[in-house]
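# Structural features, examined
Listed below are the residues making up each chain.
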Amino acid sequence: MTKPPVRIAAISLAVALLATAISLAVALLATAAAAQSPADLRGAVVRTLSNNPELTLKFHTLQAASDAQDIARSARRPRVELNAD
């Protein structure tokens, strides 16, 4: 059984986003070894993830693929149409 192309694209984007986020987190952990509290490290991670255009692009691409899946699934859901005469 073959998987739909949208699902494969979403999975590959999720894996790429996760790999990039993990590598960024490892780099942050290595450079923030002298961080004073977990809140400082958490803030550094949040700032880095929100200011990285590559991660932002991958996140939005993943979100678009997820939305496309939702749209494709909606075709199989029942519909209700009302007419007022």
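These figures come from a predicted structure and were not determined experimentally.

Along the backbone of the protein chain there are 3 helices and 0 strands. Reading the protein chain from its N end, one meets helices and strands in the order α-α-α. Every one of the 85 residues in the protein chain was classed for burial, and the buried ones make up 13%. Looking at the protein chain alone, contacts between residues at least 24 apart form 69% of all its contacts between residues at least 6 apart. Accessible area for the protein chain stands at about 6,900 Å²; split by element, carbon and sulfur atoms hold 64% of it.

Next up on the list: helix 3 (residues 53-74). For helix 3, which comprises 22 residues, the first-to-last C-alpha distance of 31 Å matches the rise-based estimate of 32 Å (1.5 Å per residue) to within 8%. Among the residues of helix 3, Leu55, Ala65 and Gln69 are the ones counted as buried. The buried residues of helix 3 occupy an angular sector of 90° when projected down its axis, which confines them to one face. In helix 3, the exposed positions that point more than 90 degrees away from the buried face belong to Pro53, Leu57 and Ile71. Taking the backbone nitrogen of glutamate 54 as reference, a side-chain oxygen 3.0 Å away marks asparagine 52 as the first, capping residue of helix 3.

Turning our attention to a nonpolar patch on the surface. Taken together, the side chains of Leu18, Ile22 and Val26 define a hydrophobic patch exposed on the protein surface, amounting to about 280 Å² of accessible area. Assessed through its relative accessible area of 46%, isoleucine 22 is described here as partly exposed.

Let us now look at the pattern of salt bridges. Applying the stated criterion across every chain yields a total of 2 salt bridges. Glutamate 54 serves as the salt-bridge partner of lysine 58, at 3.5 Å between the closest nitrogen and oxygen. In this pair, lysine 58 and glutamate 54 both sit in helix 3, 4 residues apart, roughly one turn of the helix. Residue classification places glutamate 54 among the partly exposed residues on the basis of a relative accessible area of 45%.

About the criteria used
Residues numbered from 1 in each chain as written. Predicted model: local features only at pLDDT ≥ 70, side-chain atom pairs only at ≥ 80, totals over all residues. Heavy atoms only, no water. Helix = DSSP H or I, 4+ residues; strand = E, 2+ residues; numbered from the N terminus. Buried < 20%, exposed > 50% of the residue type's maximum accessible area, 1.4 Å probe, protein only. Contact = heavy atoms within 4.5 Å. Areas by Shrake-Rupley, 256 points an atom, 1.4 Å probe, with all protein chains shown as cover. Expected span 1.5 Å × (residues − 1). Arc of directions from axis to C-beta. Polar contact = N/O pair within 3.5 Å; in protein donor to acceptor, adjacent residues only side chain to side chain. Patch = residues over 30% accessible without salt bridge, like charges linked within 9 Å, V, L, I, M, F, W, Y side chains within 5 Å. Salt bridge = Lys/Arg side-chain N within 4 Å of Asp/Glu carboxyl O.

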